[in-house]
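Fold and contact review
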Amino acid sequence: MAIADLIQKAQQEGRRLLTEIESKQILAEAGIPCGPAQLATTPEEAIAAAQELGFPVVVKIVSPDIVHKSDVGGVRLNLETPDQVARAFHEVVQSAHQHMPDARIWGVSVQRQAQPGVEVIVGVSKDPQFGPVVMFGLGGILVELLQDVSFRIVPLEPRDARQMIREIKGFPLLTGYRGRPPVNIGALENLLLRVSQLVEAHPEIEELDLNPVFARPDGAEAVDARIVISTS
Ligand code: ADP
Ligand code: MG
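Each value, and the rule that gives it
Residues numbered from 1 in each chain as written. Chains lettered and ligands numbered in written order. Predicted model: local features only at pLDDT ≥ 70, side-chain atom pairs only at ≥ 80, totals over all residues. Heavy atoms only, no water. Donors = N, O, S within 2.8 Å, 3.2 Å for Na, K, Ca; no water. Helix = DSSP H or I, 4+ residues; strand = E, 2+ residues; numbered from the N terminus. Buried < 20%, exposed > 50% of the residue type's maximum accessible area, 1.4 Å probe, protein only. Near = heavy atom within 4 Å. Polar contact = N/O pair within 3.5 Å; in protein donor to acceptor, adjacent residues only side chain to side chain. Areas by Shrake-Rupley, 256 points an atom, 1.4 Å probe, with all protein chains shown as cover. 1 Å grid on protein atoms, 1.4 Å probe; cavity = no way out; pocket = protein on both sides within 12 Å on 5 of 7 lines; lining within 4 Å. Sits in = over half its atoms within 2 Å of the grid points. Salt bridge = Lys/Arg side-chain N within 4 Å of Asp/Glu carboxyl O. Pairing = 2+ DSSP bridges. Axes fitted to C-alpha atoms, helices over the stretch in contact; angles between N-to-C directions. Points joined across faces, edges and corners; volume = space filled by probe spheres on them. Domains from an automatic or database assignment.

1. Section: the coordination of the magnesium ion (ligand 2)
Note on metal geometry: ideal angles are 109.5 degrees for four donors arranged tetrahedrally and 90 or 180 degrees for six donors arranged octahedrally. Around the magnesium ion (ligand 2), the protein supplies Asn 211 (O) and Asp 224 (OD) as donor atoms, at distances of 2.2 Å. Of this pair, Asn 211 sits in strand S8 (residues 205-216) while Asp 224 sits in the loop between strand S9 (219-222) and strand S10 (226-229); the two residues are 13 residues apart in sequence, bridging distant segments of the chain. Judged by its relative accessible area of 18%, Asp 224 falls in the buried class.

2. A word on the site of ligand 1
Around ligand 1, 18 residues are found, and the nearest of them are Lys 60, Lys 69, Ser 70, Ala 114 and Asp 224. Between ligand 1 and the protein, one listed contact pairs an oxygen atom with a side-chain N or O atom of Lys 60 at 2.7 Å. Isolated, ligand 1 exposes 540 Å² of accessible area, and the fraction of that covered by the protein chains is 83%. More than half of the atoms belonging to ligand 1 lie within 2 Å of the grid points that define the largest pocket.

3. Here's the deal with the pattern of salt bridges
Counted by the stated rule, this structure contains 17 salt bridges. One salt bridge connects Lys 60 with Glu 20, and the closest N-O pair in it is separated by 2.9 Å. Of this pair, Lys 60 sits in strand S2 (residues 57-62) while Glu 20 is found in helix H2 (residues 20-29), placing the two residues 40 residues apart along the sequence. The shortest N-O distance in the salt bridge between Lys 69 and Asp 224 comes to 2.8 Å. You can see Lys 69 sitting in the loop between S2 and strand S3 (75-79) and its partner Asp 224 sitting in the loop between S9 and S10, a full 155 residues away along the chain. Judged by its relative accessible area of 11%, Lys 69 is buried. Salt bridges linked by common partners bring Lys 9, Glu 13, Arg 15 and Glu 22 together as one network.

4. Remarks on H2
Of all ten residues making up H2, seven are buried, and the element is well covered by its neighbours. Looking only at H2, the buried set comprises Glu 20, Ile 21, Glu 22, Ser 23, Lys 24, Ile 26 and Leu 27. Positive backbone phi, approximately 75°, marks Gly 31, located one or two places after H2.

5. Looking at unusual backbone geometry
Here the amide bond leading from Phe 55 into Pro 56 is cis, since omega sits at -5°, within 30 degrees of zero. For Pro 56, the position within the fold is in the loop between helix H3 (43-53) and S2. With an omega of 5°, the peptide bond running from Val 154 to Pro 155 counts as cis. Along the chain, Pro 155 falls in the loop between strand S7 (149-153) and helix H6 (158-166). Within the chain, Asn 78 stands out as a residue other than glycine whose phi angle is a positive 60°. A residue is classified by how much of its surface remains accessible, and Asn 78, at 45% relative accessible area, is partly exposed. Even without being glycine, Gln 147 reaches a positive phi, approximately 45°. Counting through the fold element by element, Gln 147 comes out in the loop between helix H5 (141-146) and S7.

6. Brief notes about the sheet that holds S3
Within the open sheet, the four strands sit side by side as S1-S4-S2-S3. Their pairing is antiparallel. Two strands lie at the open edges of the sheet, namely strand S1 (37-40) and S3, each paired on one side alone. Neighbour-to-neighbour, the strand axes of this sheet turn through a mean angle of 25°, independent of strand direction. Alignment of S1 against strand S4 (residues 107-112), held across four bridges, turns out to be antiparallel. Bridging from a neighbouring strand, Ala 40 pairs with Val 108 of S4.

7. A closer look at the pairing of S8
Here strand S5 (residues 118-127) runs beside S8; their pairing, made up of six bridges, is antiparallel. What sits directly across from Val 124, in S8, is Leu 208. In terms of strand pairing, S8 meets S10 through four bridges, oriented antiparallel. When the sheet's bridge partners are listed, Ile 205 is paired in S10 with Ile 229.

8. With respect to empty space enclosed by the protein
Summed over all chains, the structure comprises one cavity of 30 Å³ or more. Roughly 110 Å³ of volume is contained in the largest cavity. Along the wall of the largest cavity there are 13 residues; nearest its centre are Leu 18, Thr 19, Glu 20, Ile 66 and Lys 69. Shared between two domains, the lining of the largest cavity holds at least three residues of each, these being domain 1 (36-112) and domain 2 (118-229).

Shape descriptors only; they carry no functional weight alone.
Next comes the structure, spelled out in structure tokens:
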């Protein structure tokens, strides 16, 4: 489905939060690397999806009412067998229901377990004065603890993307810290530029969160995605 249609469909349903599956469909259309995520509404469908994608896989809760999936026990990583996938299906559905009894649960998302990398985050929020602003930072505990992030106003120029990656304090972690291989900085720059193009072309996007993006020597890949849209 085209990006505008995906957004319109959610708007017609009165939703502002797109699911991870919808958000990743939009990313894929926008040329932003992310592995495919397949919706499964039964354990059998989840197993079939895993077999199609190839093990190991990740299973996550899919709900239009749940923003932080881990907070409700809604993420299971490193699933190696059909049995583990079926068990994960039941576990995440039950756990999400226990944490949020009123949340609508549409099923689970099955996706490939991505090769690990340095976790970075890319976000967009709307400033009342400047409009959409892109944020870049290191993921996980570092961003929470140190608030080591950089910002640029949309639209980003290639120079903006280059600078905002290099100006965070944690930049050395990306260039081969303590003998680790350097990540592909060009791929990260590209990702930032495509995010800027996406939100510029679709002003209905109010917020976008790619948290985390795995940055690796062979490229960069969003493993989680959350898009919030305006009501109409
Ligand atoms: P949340 O809604 O809680 O942010 P995420 O989708 O970000 O859920 O998943 C939680 C964590 O699981 C991520 O920070 C990442 O480390 C890991 N993870 C998620 N999806 C994948 C994946 N496809 N491959 C590998 N690791 C993943
Ligand atoms: Mg996340």
